[in-house]
Amino acid sequence: MNRLGELERAVMDVLWARNEPMTVREVGKALADRDLAHTTVMTVLDRLAKKKVVDRAREGRAWRYSSAASRENYVTELMFDALGQTGDRDAALAAFVQSMDGQEAEALRRALAEAEQPRK
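Residues numbered from 1 in each chain as written. Predicted model: local features only at pLDDT ≥ 70, side-chain atom pairs only at ≥ 80, totals over all residues. Heavy atoms only, no water.

Considering the overall build of the protein chain
Argument step 1. Per the secondary structure count, the protein chain includes 6 helices and 2 strands.
Argument step 2. Taken from N to C terminus, the helices and strands of the protein chain fall in the order α-α-α-β-β-α-α-α.
Argument step 3. For the protein chain, whose C-alpha radius of gyration is 18 Å, the value lies well above the compact-globule estimate of 14 Å for 120 residues.
Argument step 4. Each principal axis of the C-alpha atoms in the protein chain carries an extent, and together these give about 50 × 35 × 25 Å.
Argument step 5. Here the protein chain, with 120 residues, has 22% of them falling under the buried criterion.
Argument step 6. Sequence separation of at least 24 residues holds for 50% of the intrachain contacts in the protein chain that already meet a minimum separation of 6.
Argument step 7. Summed over all atoms, the accessible surface of the protein chain reaches about 8900 Å², with 50% contributed by carbon and sulfur. (Helix = DSSP H or I, 4+ residues; strand = E, 2+ residues; numbered from the N terminus. Rg over C-alpha atoms; globule rule 2.2 N^0.38 Å. Buried < 20%, exposed > 50% of the residue type's maximum accessible area, 1.4 Å probe, protein only. Contact = heavy atoms within 4.5 Å. Areas by Shrake-Rupley, 256 points an atom, 1.4 Å probe, with all protein chains shown as cover.)

Structure representation (structure tokens):
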């Protein structure tokens, strides 16, 4: 999975925050502080669709775009890709855990405890 560029991340932030399909115009309005051309927003959304980061569906003459996965799932895929690039996943995981602060370590402990619970 490819990492997103700065403008792609800004567009995805809009889609993740809205959590419903949006047109190019709606995304552009949400990014009004950036003063982007309509065609720039359209190009970014088209590239994200080709990367399969967003889904799009035709509505009349316009496309509506939505995130293909949640922000958390996207970041999870990035983490797995990064781990796959290491020669030693265990060492990479250990280094990651050692870099955590107390709150992050506690959140990880809770997540691990939940993962170990039998599924209902």
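What to know about the packing of aromatic side chains
Each aromatic ring pair is summarised here by two numbers: the centre-to-centre distance and the angle between the ring planes.
Argument step 1. Taken as a whole, this structure holds 1 aromatic pair when the rule is applied.
Argument step 2. Directly above the aromatic system of Trp63 lies the positively charged group of Arg56, at a separation of 4.8 Å from the ring centroid. (Phe/Tyr/Trp six-rings, centres within 6.5 Å; stacked < 30°, edge-to-face > 60°. Lys NZ or Arg CZ within 6 Å of the ring centre and 35° of its normal.)

Thoughts on the layout of surface pockets
Argument step 1. Considering only enclosed or pocket space, the largest pocket measures out at about 250 Å³ in volume.
Argument step 2. Those elements that provide at least two residues to the lining of the largest pocket are helix 4 (71-84), helix 5 (89-98) and helix 6 (102-116).
Argument step 3. A breakdown of the residues in the lining of the largest pocket according to their chemical character gives 10 nonpolar, 1 polar and no charged.
Argument step 4. Counted as a void, the second largest pocket has a volume near 160 Å³.
Argument step 5. Together, Thr23, Val24, Arg25, His38, Met42, Asp46, Arg56, Arg61, Ala62, Trp63 and Tyr65 line the second largest pocket.
Argument step 6. When residues of the lining of the second largest pocket are traced back to their parent elements, those giving at least two are helix 2 (24-30), helix 3 (38-50) and strand 2 (62-67).
Argument step 7. A breakdown of the residues in the lining of the second largest pocket according to their chemical character gives 5 nonpolar, 2 polar and 4 charged. (1 Å grid on protein atoms, 1.4 Å probe; cavity = no way out; pocket = protein on both sides within 12 Å on 5 of 7 lines; lining within 4 Å. Points joined across faces, edges and corners; volume = space filled by probe spheres on them. Nonpolar A, V, L, I, M, F, W, Y, C, P; charged D, E, K, R; others polar.)

Regarding a nonpolar patch on the surface
Argument step 1. Together, Val75, Met79, Phe96 and Val97 line one region of the surface with nonpolar side chains, adding up to about 330 Å² of accessible area.
Argument step 2. Every element with two or more residues in the nonpolar patch is listed here: helix 4 and helix 5.
Argument step 3. Mapped onto the fold, Val75 is located in helix 4.
Argument step 4. What makes Val75 partly exposed here is its relative accessible area of 36%. (Patch = residues over 30% accessible without salt bridge, like charges linked within 9 Å, V, L, I, M, F, W, Y side chains within 5 Å. Salt bridge = Lys/Arg side-chain N within 4 Å of Asp/Glu carboxyl O.)

A closer look at the pairing of strand 2
Argument step 1. With 6 bridges connecting them, strand 1 (residues 54-59) and strand 2 associate as antiparallel partners. Each residue of the ladder has a partner; that of Glu59, found in strand 2, is Ala62.
Argument step 2. The turn linking strand 1 back onto strand 2 is made up of 2 residues, and Gly60 within it adopts a positive phi angle of 65 degrees. (Pairing = 2+ DSSP bridges.)

What about the nonpolar core?
It is characteristic of soluble globular proteins that their nonpolar side chains tend to be buried jointly.
Argument step 1. Core analysis: the biggest nonpolar cluster contains 20 residues, and Val11, Met12, Leu15, Val27, Leu45, Leu48 and Val54 have the highest contact counts within it.
Argument step 2. Looking at this core, the elements with two or more residues in it are helix 1 (6-18), helix 2 and helix 3.
Argument step 3. Top element by residues in this core is helix 1. It accounts for 6 residues.
Argument step 4. Aside from chain neighbours lying at most four places away, what touches Leu48 is Leu4, Glu8, Val11, Met12, Val53 and Val54. (Core = buried A, V, L, I, M, F, W, Y, C linked by side-chain atoms within 4.5 Å.)

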